[in-house]
Amino acid sequence: MKTHLLSIIALFLFAPLCAQEESEEKIIQVEIVKNSSFEAADTFGNNELRVNFLDLLLFPAFHGYYERIIDENSSYGTGLFVNFGESLSSDVVQRRFAISPYYRMYFLNRRDYGTKGVFVEAFSSFATSKDNDSSDYDELTDSYIERDNIFRVSIGVTFGRKWISRSGYTYEPFVGFGRYLDNQGSNGSNPEAHFRFGLSIGKRY
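Residues numbered from 1 in each chain as written. Predicted model: local features only at pLDDT ≥ 70, side-chain atom pairs only at ≥ 80, totals over all residues. Heavy atoms only, no water.

A.B. asks: How would you summarise the nonpolar core if you had to cite specific residues and measurements?
C.D. replies: If you look at the biggest cluster of nonpolar residues, it comprises six residues: Tyr-65, Tyr-102, Tyr-106, Phe-119, Phe-123 and Phe-174. Sorting the residues of this core by element identifies β4 (94-107) and β5 (117-130) as the ones contributing at least two each. (Core = buried A, V, L, I, M, F, W, Y, C linked by side-chain atoms within 4.5 Å. Buried < 20%, exposed > 50% of the residue type's maximum accessible area, 1.4 Å probe, protein only. Helix = DSSP H or I, 4+ residues; strand = E, 2+ residues; numbered from the N terminus.)

Here it is, written out as structure tokens:
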């Protein structure tokens, strides 16, 4: 009788402890799974190279980007644009060469690898462009002076969204608007603003 009574008491004493140990083991397992899902992010590194393939099809032109990751919500970088073709329209300034440093802020990127999702980008552009007012009249020489290229500086904002594959490849559509800071567009057909748009594919490393 005493043996059965001691067994019952031991059962009541140790049952809650066993249940507590099982619950703690489950919590530990959940934490391990959660942390392991982000291990692949470190293998990608903090650098990224991209090419805007839309410019290759339209001009053709090369438009490449380098991006340096600061943290999961921000980055900075620069773009390089070289135009090999002719302007699509005489009413559009033909940008020949441009360097565009930028700074980005990412949103809606709480999952996966960070620095992905919707982004807002502030940029500046230092460009040489073909002048639509291709000639000026010089009263001293009584002739027209050809103006092939002009230097233009602008600032603007770009909006877009980035996706990243598990292999580190990136894809992003974007659209932006820039305002020239010079007075080249005050007279003639040179615009006072320019648009940016494209479809970029790249690799993070």
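From this point, the discussion proceeds with the structure in view.
A.B. asks: I'd like a description of empty space enclosed by the protein, backed by residues and values.
C.D. replies: Counted under the stated rule, the structure contains one cavity of 30 Å³ or more. Each pocket or cavity is described by its volume, and for the largest cavity that value is around 30 Å³. Forming the walls of the largest cavity are Tyr-65, Arg-104, Glu-121, Thr-158, Phe-174 and Arg-196. Looking at side-chain class alone, the lining of the largest cavity contains two nonpolar, one polar and three charged residues. (1 Å grid on protein atoms, 1.4 Å probe; cavity = no way out; pocket = protein on both sides within 12 Å on 5 of 7 lines; lining within 4 Å. Points joined across faces, edges and corners; volume = space filled by probe spheres on them. Nonpolar A, V, L, I, M, F, W, Y, C, P; charged D, E, K, R; others polar.)

A.B. asks: Would you mind going over the pairing of β5 in detail, with residue names and values included?
C.D. replies: Bridge count between β4 and β5: eleven bridges; the pairing is antiparallel. Directly across from Ile-99, in β5, lies its bridge partner Phe-126. Of the strand pairs in this sheet, β5 and strand β8 (residues 149-164) are connected by 14 bridges, and their pairing is antiparallel. For Ser-129, the partnering residue across the bridge sits in β8 and is Ile-150. (Pairing = 2+ DSSP bridges.)

A.B. asks: Report on the packing of aromatic side chains, specifying residues and quantitative values.
C.D. replies: By the definition in use, this model includes five aromatic pairs. The ring of Tyr-169 carries the charged tip of Lys-203 above its face, separated from the ring centre by 5.3 Å. (Phe/Tyr/Trp six-rings, centres within 6.5 Å; stacked < 30°, edge-to-face > 60°. Lys NZ or Arg CZ within 6 Å of the ring centre and 35° of its normal.)

A.B. asks: An account of the environment of Thr-170 is requested, with residue identities and associated values reported.
C.D. replies: Topologically, Thr-170 is positioned in strand β9 (residues 169-180). Classification of Thr-170 as buried rests on a relative accessible area of 3%. A distance of 3.1 Å separates a polar atom in the side chain of Thr-170 from a polar atom in the side chain of Glu-48. (Polar contact = N/O pair within 3.5 Å; in protein donor to acceptor, adjacent residues only side chain to side chain.)

A.B. asks: Before we move on, can you summarise the sheet that holds β4 with the specific residues and values?
C.D. replies: Spatial ordering of the closed barrel is given by β1-β2-β3-β4-β5-β8-β9-β10, a layout of eight strands whose pairing is antiparallel. Between one strand axis and the next, the sheet turns through 25° on average, direction left out of account. (Axes fitted to C-alpha atoms, helices over the stretch in contact; angles between N-to-C directions.)

A.B. asks: Can you explain the pattern of salt bridges? Please cite residues and give values.
C.D. replies: When charged atoms on two side chains of opposite charge get close, those side chains can pair. For the structure on display, the rule yields 13 salt bridges. In this structure, Arg-50 and Glu-172 form a salt bridge, with 3.4 Å as the shortest nitrogen-oxygen distance. Separated by 122 residues along the polypeptide, Arg-50 in strand β1 (residues 47-52) and Glu-172 in strand β9 bring together distant segments of the chain. By relative accessible area, Glu-172 is classed as buried at 1%. Put simply, Glu-192 and Arg-179 hold a salt bridge, and the shortest N to O gap is 3.1 Å. Of this pair, Glu-192 sits in the loop between β9 and β10 (193-204) while Arg-179 sits in strand β9, and the two are 13 residues apart along the sequence. Judged by its relative accessible area of 43%, Arg-179 falls in the partly exposed class. Taken together, the shared-partner salt bridges in this structure form one network comprising Glu-48, Arg-50, Glu-67, Arg-104, Glu-121, Lys-162, Glu-172, Arg-196 and Arg-204. (Salt bridge = Lys/Arg side-chain N within 4 Å of Asp/Glu carboxyl O.)

Geometric descriptors of this kind do not, in isolation, establish any biological role.
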